[in-house]
Amino acid sequence: MLKVAVLVSGGGTNLQAVIDAIRDGGITDAKITLVISNNAGVKALDRAASAGIRSMVLSPKDYPDRAAFNAALLGTLKEEAPDLVVLAGFLVAIPPEVVLAFPGRIINIHPSLIPAFCGKGYYGLKVHEAALARGVKLTGATVHFVDEGTDTGPILLQKAVEVHENDTPETLQRRVMEEAEWVILPAAIDLIARGAVTVENGKVRIRQ
Ligand code: GRF
């Protein structure tokens, strides 16, 4: 049984997709045992509660400095000891000490086809604003392993989504979430739960 901790910041639609996939058998042999949000009162926490999943708020605002927050996040995750940490719309930088404590065991969902429109400053609607500004015909989402960089770890799954001429950042974000994020994040966790994923020389290999 893959023990999963999910880190969220807001709406939690990706968390919900994972909850639903575990319930419906789209993800085999995995269980979300903890949801951590850096924001209180967000819908992601309601989604966790409705699914009977333990949750907590860990906010940098509640600590004297970032180093203290980073230590609290590391301590919490070490105590929970998940097999996999999933960043699902989590908007706080993951400290290097957490990456080092969970090598190859942290994944992130990013709402573009990395290496396009990613890295510092590219999150949420900003990603889709940049895609529309560039005039790309295809965008999508990427699940990647987290390393010390921002959106730079080995790519696990990607799914393309067509950009429509009348798209706004909001309509594009919604379609990328519906058609890509909510599909490949559960699929990625299922592959990991089934032991089908290895990383060799920075490249992901999937044994179907
Ligand atoms: C969305 O912008 C999504 O593209 C990205 O994180 C944001 C919030 O997602 N992955 P969620 O609804 O909180 O899962």
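Look a little higher up for the structure.
## Quick look at the packing of aromatic side chains
Thinking step 1. On inspection of all chains with the given rule, the structure shows one aromatic pair.
Thinking step 2. Between Tyr-63 and Phe-69, the ring centres sit 6.0 Å apart and the planes meet at 65°, which makes this aromatic pair edge-to-face.
Thinking step 3. On the basis of relative accessible area, Tyr-63 is assigned to the partly exposed category, the value being 26%.

## Observations regarding the site of the ligand
Thinking step 1. Around the ligand, the neighbouring residues are Gly-11, Gly-12, Thr-13, Asn-14, Gly-89, Ile-109, Pro-111, Gly-124, Gln-173, Met-177 and Glu-181.
Thinking step 2. Measuring from an oxygen atom of the ligand, one finds a side-chain N or O atom of Thr-13 at 2.6 Å.
Thinking step 3. When the ligand sits alone it has 360 Å² of accessible area, and the protein chains cover 90% of it.
Thinking step 4. The cavity where the ligand resides is the largest pocket.

## Re the nonpolar core
Thinking step 1. Ranked by size, the top nonpolar core spans 46 residues in total, and within it Val-6, Ile-32, Val-86, Ile-107, Leu-156, Leu-185 and Ile-189 carry the most contacts.
Thinking step 2. Ignoring anything within four residues of it in the chain, the contact list for Val-6 reads Leu-15, Ile-32, Leu-34, Val-35, Ile-36, Val-86 and Ala-88.

Conventions used here
- Residues numbered from 1 in each chain as written.
- Predicted model: local features only at pLDDT ≥ 70, side-chain atom pairs only at ≥ 80, totals over all residues.
- Heavy atoms only, no water.
- Phe/Tyr/Trp six-rings, centres within 6.5 Å; stacked < 30°, edge-to-face > 60°.
- Buried < 20%, exposed > 50% of the residue type's maximum accessible area, 1.4 Å probe, protein only.
- Near = heavy atom within 4 Å.
- Polar contact = N/O pair within 3.5 Å; in protein donor to acceptor, adjacent residues only side chain to side chain.
- Areas by Shrake-Rupley, 256 points an atom, 1.4 Å probe, with all protein chains shown as cover.
- 1 Å grid on protein atoms, 1.4 Å probe; cavity = no way out; pocket = protein on both sides within 12 Å on 5 of 7 lines; lining within 4 Å.
- Sits in = over half its atoms within 2 Å of the grid points.
- Core = buried A, V, L, I, M, F, W, Y, C linked by side-chain atoms within 4.5 Å.
- Contact = heavy atoms within 4.5 Å.

The analysis is restricted to geometry; functional conclusions fall outside its scope.
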